[in-house]
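# Examination of the molecular architecture
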Amino acid sequence: VSAFLLNRSSDLLVDGAFAWEKKLRIEESSENENNNNTISDDNLLRVEHAVEKWMATGGHLRSGLKLPNAAEEMQIPRYLLSMWLKQMGTHYSEWLNDLRIDEAKRIIKEYPDWSNEAIAQHCGFSDRCYFQKKFKENTGMTPAQFLGD
C-alpha cells in the first residue's frame, strides 16, 4: 500500500509540475505580449472572433459600457482587448463611439423619422447632446445634415 501511495504521490508531483510549467509558460507568453505591446496571431483571431460575436448580439449598443465589462461579455481577458485596441491604434472609448456612430448612420438612413433622442438611446449614448457632439466629430456634420446628404 505504501509503495502504491509513494508512486501515486510522485505521479501527482510530476503532473503538478507539468501543470505548473504550462501555467508559467502561459503567464510568460501573456507578459511578453504585454511588454511587447503586440498580440500573437492566435490571440488576435480570438479577440476578433469575440468582438464580432459581441457586436452581432448588440453588445456595443449598451449604455454605460466600460472596457472590463465589455471584455467580460466577450469572454476574453481585459488585457487582450486593450492590446488589440492598442495594436489597432485606438482607445476603447474612441472605438466604441465609432461603432455606435456607424450604427447611428445606419439608423438615420433606415429610419429617417427617428428623433436624435431615440437614435442616441438606441446606440448606447448617454444623452442626445453627447450623441450629436460625437456624431459631428466623427462625420463632420450633424445628424440632420447627414440625413440630407
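Every chain is numbered on its own, with residues counted from 1 as its sequence reads. Owing to the predicted nature of the model, reporting of local features is limited to residues with pLDDT of at least 70; listing and counting of side-chain atom pairs is limited to 80 or more, with chain, interface and lining totals taken over all residues. The side-chain quantities take in all heavy atoms of the structure and omit both hydrogens and water.

### Here we look at helix 7 (residues 128-139)
Stated formally: The helix count covers DSSP runs of H or I at least four residues long, the strand count covers runs of E at least two residues long, and both are numbered beginning at the N terminus. Multiply 1.5 Å by the residue count of a helix minus one, and that product is the helix's expected span. We call two residues contacting when some pair of their heavy atoms lies within 4.5 Å.
The end-to-end C-alpha distance of helix 7 is 16 Å, a good match for the 16 Å that twelve residues give at a rise of 1.5 Å each. Buried residues in helix 7 make contact with helix 5 (92-110), helix 6 (116-123) and helix 8 (143-148). One or two residues past the end of helix 7 sits Gly140, with phi positive at roughly 80°.

### Considering the pattern of salt bridges
As a reminder, the rule being used: Salt bridges are defined by distance alone: a side-chain nitrogen of Lys or Arg within 4 Å of a carboxyl oxygen of Asp or Glu. When accessible area is computed with a 1.4 Å probe and restricted to protein chains, residues below 20% of their type maximum are described as buried, those above 50% as exposed, and intermediate ones as partly exposed.
This structure, assessed with the given rule, holds five salt bridges. The salt bridge partner of Glu103 is Arg106, with a shortest N-O separation of 2.7 Å. Of this pair, Glu103 and Arg106 both sit in helix 5, three residues apart, which is roughly one turn of that helix. Judged by relative accessible area, Glu103 falls into the buried class, the value being 13%.

### Digging into the environment of Arg46
Secondary-structure assignment places Arg46 in helix 2 (residues 41-56). Of the residues examined, Arg46 reaches a relative accessible area of 38% and is grouped as partly exposed. With 34 residues separating them in the primary sequence, Arg46 and Leu80 have C-alpha atoms 9.3 Å apart. When sequence neighbours within four positions are dropped, the list of residues in contact with Arg46 reads Gln75, Ile76, Pro77 and Leu80.

### Some words on the nonpolar core
Operational definition: As used in this record, nonpolar core signifies buried Ala, Val, Leu, Ile, Met, Phe, Trp, Tyr and Cys residues forming a set joined through side-chain atoms within 4.5 Å.
Counting residues in hydrophobic clusters, the biggest one holds 21 residues, and the most contacted among them are Val47, Met74, Leu81, Trp84, Tyr92 and Trp95. Secondary-structure elements contributing two or more residues to this core are helix 2, helix 3 (67-74), helix 4 (78-87) and helix 5. The residues touching Met74, leaving out its near neighbours within four places in the chain, are Ala50, Val51, Trp54, Leu81 and Trp95. Formed by eleven residues, the second largest nonpolar core is a distinct cluster that contains Ile101, Ile108, Phe125 and Phe131.

### Things to note about the packing of aromatic side chains
Heads up, the condition is: Whether two aromatic rings pair depends on their centres lying within 6.5 Å, for rings of Phe, Tyr and Trp, where Trp uses its six-membered ring; planes under 30 degrees apart make the pair stacked, over 60 edge-to-face, and the rest tilted.
Per the counting criterion, the structure on display carries eight aromatic pairs. Geometrically, the ring pair formed by Trp54 and Trp95 is stacked, given 5.9 Å between the ring centres and 20° between the ring planes. Linking Trp54 in helix 2 with Trp95 in helix 5, this pair joins segments that are 41 residues apart in sequence. When the centroid spacing of 5.0 Å and the interplanar angle of 20° are considered together, the rings of Tyr111 and Trp114 count as stacked. Tyr111 gets classed as partly exposed once you look at its relative accessible area, which sits at 33%.

### Quick word on the packing of helix 3 against helix 4
Using the following cut-off: Between N-to-C directions, angles span 0 to 180 degrees; the directions come from axes that are lines fitted to C-alpha atoms, helices contributing only their stretch in contact. Working rule for angles: under 35 degrees goes down as roughly parallel, over 145 as roughly antiparallel, 65 to 115 as roughly perpendicular, anything else as oblique. Residues are grouped as follows: nonpolar covers Ala, Val, Leu, Ile, Met, Phe, Trp, Tyr, Cys and Pro; charged covers Asp, Glu, Lys and Arg; every other residue, Gly included, is treated as polar.
Where helix 3 meets helix 4, the closest approach of the two axes is 8 Å, and the angle between their N-to-C directions is 105°. Our classification of the angle between helix 3 and helix 4 gives roughly perpendicular. Contacts from Leu67, Pro68, Ala70, Ala71 and Met74 in helix 3 reach Arg78, Leu81, Ser82 and Leu85 in helix 4. Partitioning the contact of helix 3 with helix 4 into residue classes produces seven nonpolar, one polar and one charged.

### Concerning the confidence of the model for the protein chain
Segments scoring low in pLDDT should not have their predicted coordinates read at a detailed level. We apply this condition: Per-residue confidence from the predictor is reported as pLDDT, a score between 0 and 100.
Of the residues in the protein chain, 75% have a pLDDT of 70 or more, and the chain-wide mean is 83. Taken as a whole, residues 2-6 scores under 50 in pLDDT and shows zero contacts with residues more than four places along the chain or in a different chain. Confidence drops under pLDDT 50 across residues 17-34; counting only partners more than four residues distant or on other chains, this segment forms ten contacts.

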